[in-house]
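Commentary on secondary and tertiary structure
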Amino acid sequence: MRTYVITGGTDGIGKGLGLHFLSRGDRVIAVASNPAKGRAFMAEAERLGAAGRARFLRADLSTVAGMRSAVAEVEADLDVLDGLVFATQRFQARREETADGLEYTFALSYLSRFVIGHELTGLLDRAAAPVVLNLAGPGGLPGRIHWDDPQLRRGYSGKTAAMQASRCNDLLGVGFPRSHPGTKIRYVLYNPLFVKTGMADPLPQPMRAVTKTLALLLAQRVERAVVPMAALMDDPPAEPVSAFRRGKPLPLTGKDFDPEAADRLHRLTLEILNG
Ligand SMILES: NC(=O)c1ccc[n+]([C@@H]2O[C@H](COP(=O)([O-])OP(=O)(O)OC[C@H]3O[C@@H](n4cnc5c(N)ncnc54)[C@H](OP(=O)(O)O)[C@@H]3O)[C@@H](O)[C@H]2O)c1
């Protein structure tokens, strides 16, 4: 029996992966903020006969306190962690700031993955073949890191924020083994392309209607989309970090995966965390 922690594990792809692991006999902690979704996840686990192996851990991962409380609860619960999946997202059409004064998407979609990934390294390294699966957008829509304004105080759009977080996650993956030399952890960046989830619900109209119509035509069902992700977690590439667009490997070349930019982002993130 393997043990997985899945942030954003109560909806969409994260929930699909959690139910996939539970149905084959593994243990899953799903971390998310909405208790109703947590109860629905636990009810589905019960239907699979897996309630004893499932846990909903409530945390608001847009705040540093929420990230750290999730880490503390996981550390109190587990002796070893085989797999960590990052699947949180919440589209913000308007710029919002978290309790820490950070732009919401930067905090939820990037910073929570930085904090939780780095802080759970000890628990992961106790597993035989630990894997981190970071779901974002490598090799996808263009976007950039706004080095002079990472909190996007100027010229905010929801898409700009989502794309920036994606680029940050590319560099988080590249930087991870540089921060943990000798770790057994395999870090896998994964762009699922278009998957039928509630992702479009917070979009403003008419973008919501367009996205939902396109999803009906083009998006993969969650149950199908999670199969190659689970296979990658079971048998990750030998390299410390790798990237995929759907099942297809991506070369770790170009500015999205530049090690110097990864080091720069690491330093910037520590400065943000240390106030
Ligand atoms: N779906 C796609 O087509 C697609 C395409 C490319 C990349 N991706 C990536 O794949 C991942 C999963 O996407 P999805 O479409 O499956 O997402 P989703 O269905 O919208 O689910 C998002 C999850 O994040 C959780 N979450 C939101 N705000 C949170 C907060 N403040 N604290 C803790 N948890 C929070 C949600 O639970 P609560 O609301 O209860 O907090 C939910 O469990 C994301 O990283 C996304 O960027 C998806």
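Coordinates for the structure precede this section.
Notes on the structure follow. Source: prediction; values computed, not measured. (Residues numbered from 1 in each chain as written. Predicted model: local features only at pLDDT ≥ 70, side-chain atom pairs only at ≥ 80, totals over all residues. Heavy atoms only, no water.)

Before going further, it helps to examine the sheet that holds strand 6 (residues 186-191). A sheet is described by the order of its strands in space; here eight strands give the open sequence 3-2-1-4-5-6-7-8, paired in mixed fashion. Two strands close off the open sheet at either side, each with one partner strand: strand 3 (54-58) and strand 8 (248-250). Taken over all neighbouring pairs, the strand axes of this sheet differ in orientation by 20° on average, direction set aside. Pairing between strand 6 and strand 7 (residues 241-245): five bridges, direction parallel. When the bridges of strand 7 are listed, Tyr187 appears paired with Val241. In the packing of helix 2 (residues 35-47) onto the sheet, contacts are made with strand 2 (27-32) and strand 3, and the angle to strand 3 comes to roughly 175°. Relative to strand 6, helix 6 (residues 158-179) is tilted by about 165°, and along the sheet it contacts strand 5 (131-135), strand 6 and strand 7. (Pairing = 2+ DSSP bridges. Helix = DSSP H or I, 4+ residues; strand = E, 2+ residues; numbered from the N terminus. Axes fitted to C-alpha atoms, helices over the stretch in contact; angles between N-to-C directions. Contact = heavy atoms within 4.5 Å.)

In this structure the tally under the stated criterion is two cavities of 30 Å³ or more. Of the volumes computed, that of the largest cavity is approximately 50 Å³. In this structure, the largest cavity is lined by Tyr110, Phe114, His118, Leu171, Leu172, Gly175, Phe176, Ala262, Leu265 and His266. Of all the elements in the fold, those that place two or more residues in the lining of the largest cavity are helix 4 (104-119), helix 6 and helix 9 (259-273). When residues in the lining of the largest cavity are grouped by element, the largest group, four residues, is from helix 6. Considered class by class, the residues forming the lining of the largest cavity number seven nonpolar, three polar and no charged. Size it by volume and the second largest cavity reaches roughly 30 Å³. As for the second largest cavity, its lining consists of Val5, Thr7, Val31, Ala70, Val71, Val74, Ile116 and Leu120. (1 Å grid on protein atoms, 1.4 Å probe; cavity = no way out; pocket = protein on both sides within 12 Å on 5 of 7 lines; lining within 4 Å. Points joined across faces, edges and corners; volume = space filled by probe spheres on them. Nonpolar A, V, L, I, M, F, W, Y, C, P; charged D, E, K, R; others polar.)

Applying the stated criterion to the full structure yields 17 salt bridges. Where Asp234 meets Arg2, a salt bridge forms, and the shortest distance between an N and an O atom there is 3.1 Å. Within this pair, whereas Asp234 is found in helix 8 (residues 222-234), its partner Arg2 is found in the segment before strand 1 (3-7), the two being separated by 232 residues in sequence. Using a relative accessible area of 34% as the deciding quantity, one classes Arg2 as partly exposed. In this structure, Arg55 engages Glu73 in a salt bridge whose closest nitrogen and oxygen atoms are separated by 2.4 Å. In this pair, Arg55 is assigned in strand 3 and Glu73 in helix 3 (residues 64-77), connecting sequence segments 18 residues apart. (Salt bridge = Lys/Arg side-chain N within 4 Å of Asp/Glu carboxyl O. Buried < 20%, exposed > 50% of the residue type's maximum accessible area, 1.4 Å probe, protein only.)

On to the pairing of strand 4 (residues 83-86), then. Residues of strand 4 alternate between two faces, with Gly83 and Val85 on one and Leu84 and Phe86 on the opposite face, all of them buried. Pairing of strand 1 with strand 4, which is carried by four bridges, proceeds in the parallel orientation. Each bridged residue has a counterpart across the sheet, and for Ile6 the counterpart in strand 4 is Val85. Bridge count between strand 4 and strand 5: four bridges; the pairing is parallel. Bridged to Val85 within strand 5 is Leu133.

So, about helix 4. Between its first and last C-alpha atoms helix 4 spans 21 Å; for 16 residues at 1.5 Å apiece the expected length is 22 Å, and the two agree. At Leu111, helix 4 shows its maximal bend, which comes to roughly 40°. With 15 of its 16 residues buried, helix 4 lies for the most part within the structure. Of the residues that open helix 4, the one with a side-chain oxygen 3.0 Å from the backbone nitrogen of Thr105 is Glu103. (Expected span 1.5 Å × (residues − 1). Bend = angle between axes of the 7 residues up to and from the residue. Polar contact = N/O pair within 3.5 Å; in protein donor to acceptor, adjacent residues only side chain to side chain.)

Attention now moves to the site of the ligand. Close contacts around the ligand come from 30 residues, with Ile13, Ser33, Asn34, Leu193 and Thr197 the closest. Contacts to the ligand include Asp60, whose side-chain N or O atom sits 3.0 Å from a nitrogen atom. At 2.9 Å from a nitrogen atom of the ligand is found a main-chain nitrogen or oxygen belonging to Leu61. When the ligand sits alone it has 890 Å² of accessible area, and the protein chains cover 92% of it. Listed by contribution, the elements that provide at least two residues to the shell around the ligand are helix 1 (12-23) and helix 4. The biggest single contributor to the shell around the ligand is helix 4, with three residues. A per-class count over the shell around the ligand returns 14 nonpolar, eleven polar and five charged. (Near = heavy atom within 4 Å. Areas by Shrake-Rupley, 256 points an atom, 1.4 Å probe, with all protein chains shown as cover.)

Moving on, we get to the environment of Arg167. Mapped onto the fold, Arg167 is located in helix 6. A C-alpha to C-alpha distance of 6.8 Å links Arg167 and Gly143, two positions 24 residues apart in sequence. In this view, Arg167 contacts Gly137, Pro138, Gly139, Gly140, Leu141, Pro142, Gly143, Arg144, Ile145 and Asp256; residues no more than four positions away in its chain are not counted.

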